[in-house]
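Structural overview for review
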Amino acid sequence: MAQYEEVKVHGYEEFCRAVAERKGKDIFAYFSGDKDEQGHSWCPDCVKAEPVVRGEMEHLPEGSVFVYCQVGDRPYWKDPNNEFKKTLKLTGVPTLLHYGTPQKLVEEQCFKADLVRMMFTED
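Residues numbered from 1 in each chain as written. Predicted model: local features only at pLDDT ≥ 70, side-chain atom pairs only at ≥ 80, totals over all residues. Heavy atoms only, no water.

Turning to unusual backbone geometry, a few remarks are in order. Look at the link from Val93 to Pro94: it is a cis peptide, with omega at 0°. In this fold, Pro94 is placed in the loop between α4 (83–86) and β4 (95–98). Phi at Lys89 is positive, roughly 60°, even though this residue is not glycine. With respect to the secondary-structure elements, Lys89 resides in the loop between α4 and β4. By relative accessible area, Lys89 is classed as exposed at 54%. Residues other than glycine seldom take positive phi values, yet Glu107 does so here, at roughly 50°. (Helix = DSSP H or I, 4+ residues; strand = E, 2+ residues; numbered from the N terminus. Buried < 20%, exposed > 50% of the residue type's maximum accessible area, 1.4 Å probe, protein only.)

Among the nonpolar cores identified, the biggest contains 35 residues, and Phe15, Phe31, Phe66, Phe84, Leu96 and Phe120 are the most heavily contacted of them. For this core, the elements supplying multiple residues, two or more each, are β1 (5–10), α1 (12–21), β2 (27–32), α2 (44–55), β3 (65–70), β4 and α5 (113–121). For Phe84, the contacting residues outside a window of four places in its chain are Gly11, Tyr12, Phe31, Cys69, Val71, Tyr76, Trp77, Lys89 and Leu90. (Core = buried A, V, L, I, M, F, W, Y, C linked by side-chain atoms within 4.5 Å. Contact = heavy atoms within 4.5 Å.)

So, in structure tokens, the structure goes:
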């Protein structure tokens, strides 16, 4: 059995609720463009990065939480005033971040398994 908890959320409010309910835990969040009914994202970089990030999840710390968050459709994401950009200061998707720390991988950095593993394994 996995030593971490995975939570799937959609949108900013669900993300905030998931984090609030797990206060005090080690939280890693992956932000991706929305997927359609077939499971395809409008964000090509997200499609490329997801298998890399998922491939490194075995390195997540014991007892940590992995939040998979779909940020919305492309027009919502492109709005500079969306909550993800304004409040969480996200600049692109995909983004993988260690919540509550400055550690963050953005866009092409998420394609690099060694960087993803480093984020999951460094204290």
